[in-house]
Amino acid sequence: MAERAPRVPVPGPGPSAGTGPGRPRRASLRSRITAAAVLAVALTLGVFTLVFALVQQAVLADGPRRSASADVDRAVSALAIGSTPHVAVAGEAEGALVVVTDSSGRVLAAGGEDDLVESASSLAAAGSGDRVTLDGDEFVVERDDVGVETTPTPTPSAEPTPTPTASSRSGDDDDDDAAEDADDVTDDSTPTPEATPEPAPTVTTEYGVIAARSLDEASAASSASLVTLGVAIPVALLVLGVTTWLVVGRALRPVESMRREVDTVTAQNLSHRLPDPGGSDEIARLARTLNGMLDRLDSSATAQRRFVGDASHELKTPLATIRQHAEVALLHPGSIDGAALAGTVLGEEARLTALVQGLLVLAKADEGALGVTRRPVDLDDLVVAETARLRGVARRDARGPLAVDATAVGPARVDGDEGLLGQVVHNLVANAARHADTRVAVALDERDGRAVLTVDDDGAGVAEADRERVFERFVRLDEARARDSGGSGLGLAIVREIVRVHGGSVSVTTSPLGGARFVVDLPAGPA
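Residues numbered from 1 in each chain as written. Predicted model: local features only at pLDDT ≥ 70, side-chain atom pairs only at ≥ 80, totals over all residues. Heavy atoms only, no water.

S.K.: Before we move on, could you go through the overall build of the protein and cite the residues and values that matter?
M.R.: Helix and strand counts for the protein stand at 11 helices and 12 strands. Here the protein holds 527 residues, and 30% of them are scored as buried. For the protein, the proportion of contacts with a sequence separation of at least 24, taken over those separated by at least 6, is 66%. Just so you have it, the protein exposes about 31,500 Å², and 56% of that area is on carbon and sulfur atoms. (Helix = DSSP H or I, 4+ residues; strand = E, 2+ residues; numbered from the N terminus. Buried < 20%, exposed > 50% of the residue type's maximum accessible area, 1.4 Å probe, protein only. Contact = heavy atoms within 4.5 Å. Areas by Shrake-Rupley, 256 points an atom, 1.4 Å probe, with all protein chains shown as cover.)

Have a look at this one:
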């Protein structure tokens, strides 16, 4: 029977798969690949843009924050050396604001850009890292709460008291009296005590130093980058889409050409083959695969046609014989007796039955439905029974009696179907008897876990070039041989299929008797 061709799975209806109601329509493979590529790249670029924007914003905002932190450090250092808050925040910088508050949050001093000083009070409650809006712009804030220790100037505890001197006496005394008085004053005067300062207490003043820097430049740079990406990404996607469309179209063009070529192949021109583009890429491998499939289909169709023709011929011959004898019996009732007619009809019916059974076995084998009921089978019993049957059948030709040698048959057991294995033995022995001149020898033994059946004859043998072809269906090497001894050409084909199903092999070589030797090798079963 012809080999059934496997179905190629179809991924789904495309634009040319029909336009019936309710039938879904799908875009072409070229469109789907292009859309998938553009979508994948768009999603990737979208995620990249989002991450880039977040990272860029953080990096660009780090500069203003560092500047604000430097402004805070500078003001804190000035306060630590005793500068007043106004001096600590002195200076003007564009986009900057520095504020000093007391512990209650009251603004003591503010410095920086003049337009921002008026908004100093809005920074009093801001903390480090906060973002505030001043004069319509966004600012980043840094803050440091510090305590500055100061010591007041010390004051003396008492004023010195002067001691009366001789100068307060009357000026009428002479010089001697003045000298004496001076000596007396010197002798009688006492030293004036010095003032002792009291230790002054240390005073700690709490300040809040807050600095803000504008984020305008960072925002402008980030906006410029996003605008650039917003223009570049659509252009890149457009270029990608066009490129993918062209490349995929070029790649699929040979496939479409092959599709059109294969679409023209019918049962009448299976010999048509696709042009091989050469190379080892996917397109070349696809062309070779399709050509291989066409080769198998062509061989299968050829075998099917030959099988049908051979089967028709084999069936027609016995039917014609039966018809001929029946017509003779009707037209000339006295020329043939009933026993002869019945014998002829029964003989041809047996041929028809054997032929139909053989065709059925081969058909089941082709479908993989050749049921095998496995059980232990004594193969030697089947061989002995078949050789005994052969000895009891007289050969009806000029070659004389046939000697059947079964002395080399030993015990062998296999797991398999007893009916099918009996058919194997029958077909091989009958084939040997049909081609033997005077002798058939059958041997069976079990060794190394294998059961080996050997059937020899002393006939013409099988040429080496035909040793594989003899197992094909309806093959008879000796076309000149009469049909009575030629068989239908299905016996050996049935043998090969049954042996294959049982996990064995069959081959033909030259027999020591001079004819053909058929060897069947089967896995042995448990003893």
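S.K.: Go over the sheet that holds strand E12 (residues 516-523), please, and point to the residues and values.
M.R.: Reading across from one edge, E7-E9-E10-E12-E11 is the order of the five strands in this open sheet, with mixed pairing throughout. Across the chains shown, the open sheet's two edge strands, defined by having one partner strand only, are strand E7 (403-409) and strand E11 (505-510). Strand-to-strand, the axes of this sheet are offset by a mean angle of 15 degrees, without reference to chain direction. Summarising the sheet, E11 and E12 pair through six bridges and their orientation is antiparallel. Note that in E12 the partner of Val-508 across the bridge is Phe-518. Taken strand by strand, helix H8 (residues 379-391) contacts E7, strand E9 (439-447), strand E10 (450-457) and E12, and its axis lies near 165 degrees from that of E7. Of the strands in this sheet, E11 and E12 touch helix H11 (residues 491-501), which is tilted by about 135 degrees from E11. (Pairing = 2+ DSSP bridges. Axes fitted to C-alpha atoms, helices over the stretch in contact; angles between N-to-C directions.)

S.K.: Outline unusual backbone geometry, supporting the account with residue identities and numerical values.
M.R.: Positive phi is not limited to glycine here, since Asp-448 has a value of about 55 degrees. One can find Asp-448 in the loop between E9 and E10.

S.K.: Could you give me a rundown of the nonpolar core, with the residues and numbers involved?
M.R.: Grouped burial of nonpolar side chains is what soluble globular proteins tend to show. Among the nonpolar cores identified, the biggest contains 48 residues, and Leu-428, Val-442 and Leu-453 are the most heavily contacted of them. With eight residues, the single largest contributor to this core is helix H9 (residues 418-435). Setting aside its immediate chain neighbours within four residues, Leu-428 contacts Leu-453, Val-455, Leu-492, Val-495, Phe-518 and Val-520. Listed in part, the 16 residues of the second largest apolar core include Ala-68, Val-72, Val-76 and Val-148. (Core = buried A, V, L, I, M, F, W, Y, C linked by side-chain atoms within 4.5 Å.)

S.K.: Describe the side chain of Asp-457, with residues and values.
M.R.: Mapped onto the elements, Asp-457 comes out in strand E10. In this structure Asp-457 comes out as buried when scored by relative accessible area, which is 2%. Of note is the side chain of Asp-457, whose polar atom sits 2.8 Å from the backbone nitrogen of Gly-459. (Polar contact = N/O pair within 3.5 Å; in protein donor to acceptor, adjacent residues only side chain to side chain.)

S.K.: Run through a negative patch on the surface, naming residues and quoting values.
M.R.: On the surface, a cluster of negative charge is contributed by Glu-92, Asp-114, Asp-115, Glu-118 and Asp-135. Mapped onto the fold, Asp-114 is located in helix H3 (residues 114-117). (Patch = residues over 30% accessible without salt bridge, like charges linked within 9 Å, V, L, I, M, F, W, Y side chains within 5 Å. Salt bridge = Lys/Arg side-chain N within 4 Å of Asp/Glu carboxyl O. Lys, Arg positive; Asp, Glu negative; His and termini not counted. Charge placed at Lys NZ, Arg CZ, Asp CG, Glu CD.)

S.K.: Lay out the pattern of salt bridges with the relevant residues and their values.
M.R.: Opposite charge on two side chains permits pairing when their charged atoms draw close. Evaluation of the coordinates by the stated rule reveals 24 salt bridges. Here Asp-71 makes a salt bridge to Arg-74, at a shortest N to O gap of 2.5 Å. Note that Asp-71 and Arg-74 are positioned in helix H1 (residues 29-80) at a spacing of three residues, about one turn of the helix. Its relative accessible area of 4% is what places Asp-71 among the buried residues. Residues joined by salt bridges that share partners form a network here, namely Asp-71, Arg-74 and Arg-213.

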